[in-house]
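# Breakdown of the fold
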Amino acid sequence: MGWETDYLSEAREAIVGARSETALEQARVKYLGRRSRLNEALRGAKDISVEERAELNRTKTQLEGVVATAREELRRATIEQALTKEQVDVTLPGLALERGHLHLITQIRREVEDVFVGLGYEIFDGPEVETTYYNFTALNTPEWHPSRSHGDTFYVADDLVLRTHTSPGQVRYMESHEPPVYMISLGRVYRRDTPDPTRYPIFHQVEGLAVDKGITLADLKGTLMYLSRALFGPDRKVRIRTSYFPFTEPSIEFDVSCFRCGQEGCPSCRYSGWLEMGGAGVVDPNVFGYVGYDPEEVSGFAFGLGLERIAMLRHGLPDLRELWENDLRLLRQF
Ligand code: PHE
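Presented here is an overview of the structure given in this document. All values derive from a computational prediction rather than experimental measurement.

## What about the overall build of the protein chain?
Looking only at helices and strands, the protein chain features 11 helices and 10 strands. Since a compact globule built from 334 residues should have a radius of gyration of about 20 Å, the 43 Å found for the protein chain marks it as more spread out than a globular shape. Based on the C-alpha atoms only, the size of the protein chain along its principal axes is roughly 135 × 45 × 40 Å. A total of 334 residues make up the protein chain; the buried ones form 41% of that total. By sequence separation, contacts in the protein chain at least 24 residues apart represent 66% of the contacts at least 6 residues apart. For the protein chain, the accessible surface area stands at approximately 19000 Å², while carbon and sulfur atoms represent 51% of it.

Structure, rendered in structure tokens:
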């Protein structure tokens, strides 16, 4: 014989070189398993001398020792690797919980409220389902007026509508308060409009009403200017145009200088340099008649504007329908 020395070094090399439990097991089976050359030789032991048999057994014992050491070595390496890889850095900050925030329209609503509360106005809430009396009649809107039609307004019953504006709040407030009045009312309003980039059947308005001795159109303009500067910054200009509403006389619509082009003209303002903000006017004496105010004693102004409009103007939103889609990629930006 005499092959044992070579066998031993070859086996040792294979066993020590094994990089995984599987490879180690393969090496063990090859050199120490039942079919290994070593064991085959031992099985034929009755044909060999005592010395040779002792030599084979020594080789076997040695190899078993090598396997045991290698196995131990592998196990230690595995644990060490796991310790390095899975170690926890307790000084790292924890996972931050994602926090929500107020919707853009709610933010604007609160800003507008802040502006007027600062001017001494009271905030008043009116119902969204409103009688035709408050939504139209007491606002001096004649029976034949197109805004009363079922094509423009959502009717809940013959004399009940989803309010088409926040103006009925004026009447409700004046019914329950004596002048002087400084009131704003904000909330949802509904119109049967087909959605497009600048219109949606539900939107938000802020209504303002001031009634006192000697209130004029100049007070209205000053107030609107103050509001637009608070919302859009000190460089905004305000322009008023004559218009018509049944409950104000005279009536105006007011525009703000375009946020985008600095009045050079751009697609947002349709090259006019101005963006429409809302309607307003001096309260019609007929409205005072409905609430028992004396038009000889007091006068007032009222205005109404859309909060979505403010969002559009201030942030350059190209399509206000997006404000209703709750897509976080948009909402997160504000
Ligand atoms: N209510 C009117 C509208 O919805 C706006 C307005 C309010 C006009 C107050 C005059 C006075 O268009």
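The structure having been displayed, the exposition proceeds.
## Observations concerning the pairing of strand 8 (residues 248-257)
In terms of residue burial, strand 8 counts as a mostly covered element, since eight of its 10 residues are buried. What sits between the antiparallel neighbours strand 7 (residues 238-245) and strand 8 is a turn of two residues. Here strand 8 pairs with strand 9 (residues 274-283) via eight bridges, running antiparallel. Residue pairing across strands places Val256 opposite Leu275, the latter belonging to strand 9.

## Things to note about the site of the ligand
Taken together, 14 residues sit near the ligand, with His165, Ser167, Arg191, Gln205 and Gly304 positioned nearest. Within the side chain of Ser167, a nitrogen or oxygen atom sits 2.9 Å from a nitrogen atom of the ligand. Measuring from an oxygen atom of the ligand, one finds a side-chain N or O atom of Gln205 at 3.0 Å. For the ligand, whose accessible area on its own is 320 Å², the fraction buried by protein is 91%. Counting residues per element, the ones that place at least two in the shell around the ligand are strand 6 (202-212), strand 9 and strand 10 (299-306).

## Describing the sheet that holds strand 10
In spatial order, the strands read 1-5-6-10-9-8-7; together these seven strands make up an open sheet with mixed pairing. Edge positions in the sheet fall to strand 1 (122-123) and strand 7, since each of these pairs with one other strand and no more. Pairing of strand 6 with strand 10 involves eight bridges; the strand directions are antiparallel. Counted as the bridge partner of Gly208 is Phe303 from strand 10. The sheet strands contacting helix 5 (residues 104-118) are strand 1, strand 5 (181-190), strand 6 and strand 10, and the helix crosses strand 5 at an angle near 170°.

## Here's the deal with the pattern of salt bridges
Side chains that carry opposite charge are capable of pairing whenever their charged atoms lie near each other. What the rule picks out here adds up to 17 salt bridges. Across the pair Arg239 and Asp255 runs a salt bridge, and its minimum N-O distance is 2.9 Å. Remark: Asp255 occurs in strand 8 and Arg239 occurs in strand 7; sequence separation between them is 16 residues. Of the residues examined, Arg239 reaches a relative accessible area of 31% and is grouped as partly exposed.

Cut-off values and rules
- Residues numbered from 1 in each chain as written.
- Predicted model: local features only at pLDDT ≥ 70, side-chain atom pairs only at ≥ 80, totals over all residues.
- Heavy atoms only, no water.
- Helix = DSSP H or I, 4+ residues; strand = E, 2+ residues; numbered from the N terminus.
- Rg over C-alpha atoms; globule rule 2.2 N^0.38 Å.
- Buried < 20%, exposed > 50% of the residue type's maximum accessible area, 1.4 Å probe, protein only.
- Contact = heavy atoms within 4.5 Å.
- Areas by Shrake-Rupley, 256 points an atom, 1.4 Å probe, with all protein chains shown as cover.
- Pairing = 2+ DSSP bridges.
- Near = heavy atom within 4 Å.
- Polar contact = N/O pair within 3.5 Å; in protein donor to acceptor, adjacent residues only side chain to side chain.
- Axes fitted to C-alpha atoms, helices over the stretch in contact; angles between N-to-C directions.
- Salt bridge = Lys/Arg side-chain N within 4 Å of Asp/Glu carboxyl O.

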